[in-house]
Amino acid sequence: RFFSNKRIDEHKLLAPHRLKTVERMQNEDVVLCVEDTTQIDFTAHPETSGLGTLYQDYLRGLFLHPMLAVTPGGVCLGVLGAKFHARPEDRAKLSAGAKAKRSIEEKESYRWLDGYLGMNELAQTCAAQLIYVADRESDFEELLAAAQGQRGHLLVRARQDRLLEDGERMWDTVWNSPVIGVQEFEMGARPGHKARTVRQTIRSMTIELPETNKREHAIIINVVIAHEDNPPEGDEAVSWTLLTTLPVKTLADVKMVIDYYRNRWVIEVYFKVLKTGCAIEELQLETAERLKKAITLYMIVAYRVLFMVKAGRESPDLPCDSIFEEDEWKTIYAASTKK
């Protein structure tokens, strides 16, 4: 009955948590606003109404696009927002020309621009410096243009190799610039891969994308390439081309940009908590609208789980009453020890 109640929706459910998240952000110098999309597969529940197709047309479910507030140390402070999307099962197959004529607001990719604009609005009043962090799917012109001269910074992984003023290509131009330093970090174990040390050479340059018939104003953006020259045999090189409005004047600046981007992985762990720990794909509600409300509550639960996992690893001797209220930890103690 609660999830069927028309007086509530996913936005109202998340609003108090978002307020608390913003409060926690005020105590930080820098906050990374990490955004990404995951598909939630409900193909196994064919009677559920209101679902759409996923990345494969034979799958049915919802797309979830949340934004997490994360410290540079990798601590998740909470969920700043979330968008659900159901693709129409009978959506028209558009030609390349028809796709090009659509406004950005008509495209699925608008969710990235909308996320950045919302973060930038929050940046006007937030004590912390806010940095929007996203992966390659967010690399498009409108987002780069929107971030020009704004208080909210941008840091995304490049997908497009753009043409510069002199006819050169962006990637080749930066790649052929001098190596400015080396950075090492420990990469955790992944399915099929052991944990290992990654050693990357670093290149950086500020570029200008010139005005064109389609580009009303020139876009100035900083490009960082971090590339692993000698990966272990059988492992793919860890190589990132990053676009950012953050300063890259010194090697320390560039290393900080790379470290910020590495924290994007927190949202991948968050998705794993949602799907594996909270098992949201096993929910058996009859409509997509009910599912959205249930998933929103689980998103808050997943944040708490993610926070406690990080706290437990960083401070294993932390007393439980620093996180739980007395009635909470006593209930857990009684349930787990039978005492």
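Relevant structure appears above.
Let us look at the structure shown here. (Residues numbered from 1 in each chain as written. Predicted model: local features only at pLDDT ≥ 70, side-chain atom pairs only at ≥ 80, totals over all residues. Heavy atoms only, no water.)

**Thoughts on the overall build of the protein**
Heads up, the condition is: Only DSSP runs of H or I covering at least 4 residues are called helices, and only runs of E covering at least 2 are called strands; the numbering of each starts at the N terminus. Partly exposed residues are those whose accessible area sits between 20% and 50% of the maximum for their type, while under 20% is buried and over 50% is exposed, using a 1.4 Å probe and protein chains only. By the convention used here, residues are in contact when the closest approach between their heavy atoms is within 4.5 Å. His is not counted, nor are the chain ends; Lys and Arg add positive charge and Asp and Glu add negative charge. Where a charge lies is defined by one atom per residue type: Lys uses NZ, Arg uses CZ, Asp uses CG and Glu uses CD.
Secondary structure summary: the protein contains 9 helices and 11 strands in total. Dimensions of the protein, computed from C-alpha atoms along their principal axes, come out at roughly 70 × 55 × 45 Å. Buried positions account for 43% of the 339 residues belonging to the protein. When contacts within the protein are restricted to residue pairs at least 6 apart in sequence, long-range pairs at least 24 apart make up 62% of them. Where the 45 positive side-chain charges of the protein centre and where its 51 negative ones centre are 4 Å apart.

**Structural notes on unusual backbone geometry**
Phi angles above zero are rare outside glycine, and Ala279 is one such case at about 50 degrees. Checked against the element boundaries, Ala279 lands in the loop between α7 (265-277) and α8 (288-314). For Lys338, which is not glycine, the phi torsion reads 65 degrees and is therefore positive.

**Points about the nonpolar core**
When a protein is soluble and globular, its nonpolar side chains tend to lie buried together. For the record, the criterion: For this analysis, a nonpolar core means a set of buried residues of the types Ala, Val, Leu, Ile, Met, Phe, Trp, Tyr and Cys, connected via side-chain atoms within 4.5 Å.
Ranked by size, the top nonpolar core spans 52 residues in total, and within it Tyr270 and Ile295 carry the most contacts. Tallying contributions element by element places α8 first for this core, with 8 residues. Excluding anything up to four places from it in sequence, Ile295 contacts Ile40, Phe42, Leu64, Phe84, Ile280 and Leu283. Residues Val31, Tyr116, Val174 and Ile221 belong to the second largest nonpolar core, which totals 37 residues.

**With respect to the pattern of salt bridges**
Any two side chains of opposite charge can pair, given that their charged atoms come close. The test is simple: Take a side-chain nitrogen of Lys or Arg and a carboxyl oxygen of Asp or Glu: if they are within 4 Å of each other, that pair is a salt bridge.
By the definition in use, this model includes 19 salt bridges. Two residues, Arg264 and Asp36, come together in a salt bridge whose shortest N-O distance is 3.1 Å. With Arg264 in the loop between α6 (251-262) and α7 and Asp36 in the loop between β1 (30-35) and β2 (38-41), the pair connects residues that are 228 residues apart, well separated along the chain. Residue class for Arg264 comes out buried when judged on its relative accessible area of 6%. A salt bridge links Arg162 to Glu141; the shortest N-O distance between them is 3.2 Å.

**Looking at the side chain of Thr71**
Assignment of secondary structure puts Thr71 in the loop between β4 (60-70) and β5 (76-85). Of the residues examined, Thr71 reaches a relative accessible area of 8% and is grouped as buried. The contact partners of Thr71, leaving out residues within four places of it in the chain, are Glu28, Val30, Leu32, Leu77 and Asn263.

**A few points about the packing of α7 against α8**
Rules: Axis definition: a line fit to C-alpha positions, over the contact stretch in the case of helices; interaxial angles, taken between N-to-C directions, run 0 to 180 degrees. For this classification, under 35 degrees means roughly parallel, over 145 means roughly antiparallel, 65 to 115 means roughly perpendicular, and everything else is oblique. Left-handed describes a crossing whose near helix is turned anticlockwise from the far helix through less than a right angle; right-handed describes the clockwise counterpart. Throughout this entry, Asp, Glu, Lys and Arg are counted as charged residues, while Ala, Val, Leu, Ile, Met, Phe, Trp, Tyr, Cys and Pro are counted as nonpolar. The remaining residues, Gly among them, count as polar.
Contact pair α7 / α8: the axes reach a minimum separation of 9 Å and the direction vectors enclose 120 degrees. Accordingly, the angle class assigned to the pair α7 and α8 is oblique. The crossing of α7 and α8 is right-handed. Residues Val266, Val269, Tyr270, Val273 and Leu274 of α7 pack against Tyr298, Met299, Ala302, Tyr303, Val305 and Leu306 of α8. Taken together, the residues of the contact of α7 with α8 sort by class into 11 nonpolar, no polar and no charged.

**Considering the pairing of β4**
As a reminder of what qualifies: Two strands are counted as paired when DSSP detects at least two bridges linking them.
Of all 11 residues in β4, 11 are buried, a share of seventy percent or more. Where β1 and β4 come together, 4 bridges link them in antiparallel fashion. Bridging across to β4, Glu35 finds its partner in Met67. Relative to β4, β2 is paired through 4 bridges, and the arrangement is antiparallel.

**Quick word on α6**
Stated precisely, the cut-off is as follows: Between the first and last residue of a helix there are one fewer steps than residues, each counted as 1.5 Å, and that sum is the expected span. In this description, the arc belongs to the directions extending from the helix axis to the C-beta atoms.
Between its first and last C-alpha atoms α6 spans 17 Å; for 12 residues at 1.5 Å apiece the expected length is 16 Å, and the two agree. Within the span of α6, buried status applies to Val254, Val257, Ile258, Tyr260 and Tyr261. Down the axis of α6, the sector holding all buried residues measures 160 degrees, keeping them to one side.

**Considerations on the packing of aromatic side chains**
How we decide: Stacked, tilted and edge-to-face are the three classes applied to pairs of Phe, Tyr and Trp rings, where Trp contributes its six-membered ring and a pair requires centres within 6.5 Å; stacked means planes under 30 degrees apart, edge-to-face means over 60, and tilted covers the rest. Both a distance and an angle decide whether a charge sits over a ring: NZ of Lys or CZ of Arg must be within 6 Å of the ring centre and within 35 degrees of the ring normal.
Inspection of the entire model under this criterion finds 8 aromatic pairs. On the numbers, 5.4 Å between centres and 70 degrees between planes, the contact of Phe2 with Phe3 is edge-to-face. The class for Phe2 is partly exposed, based on a relative accessible area of 44%. Measuring from ring centre to ring centre gives 6.4 Å for Tyr270 and Phe271, while their planes differ by 50 degrees; the resulting arrangement is tilted. With respect to class, Tyr270 is no different from Phe271; both count as buried. Geometry around Trp175 places Arg203 over its ring, the cationic atom sitting 4.1 Å from the centre.

**Topic: the packing of helix α1 (residues 10-25) against α8**
Packing of α1 against α8 brings their axes to within 8 Å, and their N-to-C directions diverge by 20 degrees. Accordingly, the angle class assigned to the pair α1 and α8 is roughly parallel. The way α1 lies across α8 gives a crossing that is left-handed. Across the interface between the two elements, Glu10, Leu13, Leu14, His17 and Arg24 from α1 touch Lys292, Lys293, Thr296, Leu297, Ile300 and Tyr303 from α8.

**Overview of helix α3 (residues 110-123)**
Helix length check: α3 (14 residues) gives 20 Å between terminal C-alpha atoms against 20 Å at 1.5 Å per residue, within 8%. Of the residues making up α3, those classed as buried are Arg111, Trp112, Leu113, Gly115, Tyr116, Met119, Asn120, Leu122 and Ala123.

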